[in-house]
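Listed below are the residues making up each chain.
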Amino acid sequence: LEACKLLDKNVADFELSIIGDEEEDIIEKIDTFIKEKVTNFKINRFGGKEHDFIIAKMKEHDIFCFPSSHSGEGHSNVINEAMMNTMIIITTRNGFLGDILNNDLAYFIKEKDSEDIYKTIIEIINNKKEAKNKAIAGYNNLKSNFTVSRISKDMKRYYFELINQ
């Protein structure tokens, strides 16, 4: 949200949607922050929603920001869904994120660094073609490496190798 404060001062026509459950103890803090610090663009908060709703919202947005600070972050399905929807991805290299994404597919930010998020969004705005190319490359990477048909071939091969040992 701190990045929103910077964007609010410098970027017109920006919209942020937050989907996911929010802890009771921070809801009021977020509400107050938005009312006091963000005035020039729209922030939508939807709370926890069903999968179909989330996918529909992804189709309405260009950028997917996943600033994970969890050092054990796994292969998050939401990253796959963002790639499948040719979204521009902003994330950290925590956990497996740096293994499934690279600089050709996503924008990497420092952990817990609002200014880095802000600077990355400005870079995307200023270099839309490059950003869209990364999103398309992410989609192509997903289709080539992480689909059921692709993975099932590898799994069959591994199983046969185990059986034949």
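Trainee: Just checking my understanding: could you explain the environment of Thr92 for this structure?
Mentor: Within the secondary structure layout, Thr92 lies in the loop between β4 (88-91) and α5 (97-100). Taking the relative accessible area as the measure of exposure, Thr92 reaches 2% and is therefore buried. Between the C-alpha atom of Thr92 and that of His70, which follows or precedes it by 22 residues, the distance is 9.4 Å. Discounting residues that sit within four places of it in the chain, Thr92 has contacts with Phe66, Pro67, Ser68, Leu97, Phe108, Ile109, Lys110 and Glu111. Polar side-chain contacts of Thr92 include one of 2.8 Å to the backbone oxygen of Ser68.

Trainee: Sorry, what's going on with the packing of helix α6 (residues 114-126) against helix α7 (residues 128-145) here?
Mentor: Each pair of packed helices gets described by two things: the angle between the helix axes and the distance between those axes. At a minimum axis separation of 5 Å, α6 and α7 run at an interaxial angle of 100 degrees. In this view, α6 runs roughly perpendicular relative to α7, as classed from their interaxial angle. Along the contact surface, α6 presents Glu123, Ile124, Ile125 and Asn126, while α7 presents Lys128, Glu130 and Ala131. A per-class count over the contact of α6 with α7 returns three nonpolar, one polar and three charged.

Trainee: Explain the sheet that holds strand β5 (residues 107-108) to me, please; I cannot follow it from the model alone.
Mentor: Through backbone hydrogen bonds, the strands of a sheet pair up, either in parallel or in antiparallel fashion. In space, the three strands of this open sheet follow the order β3-β4-β5, with parallel pairing throughout. Each edge of the open sheet carries a strand with a single partner, namely β3 (63-66) and β5. Where β3 and β4 come together, four bridges link them in parallel fashion. For Phe64, the partnering residue across the bridge sits in β4 and is Ile89. Along the sheet, helix α4 (residues 77-84) contacts β3 and β4; its crossing angle with β3, the most-contacted strand, is approximately 165 degrees.

Definitions and limits used
- Residues numbered from 1 in each chain as written.
- Predicted model: local features only at pLDDT ≥ 70, side-chain atom pairs only at ≥ 80, totals over all residues.
- Heavy atoms only, no water.
- Helix = DSSP H or I, 4+ residues; strand = E, 2+ residues; numbered from the N terminus.
- Buried < 20%, exposed > 50% of the residue type's maximum accessible area, 1.4 Å probe, protein only.
- Contact = heavy atoms within 4.5 Å.
- Polar contact = N/O pair within 3.5 Å; in protein donor to acceptor, adjacent residues only side chain to side chain.
- Axes fitted to C-alpha atoms, helices over the stretch in contact; angles between N-to-C directions.
- Parallel < 35°, antiparallel > 145°, perpendicular 65-115°, else oblique.
- Nonpolar A, V, L, I, M, F, W, Y, C, P; charged D, E, K, R; others polar.
- Pairing = 2+ DSSP bridges.

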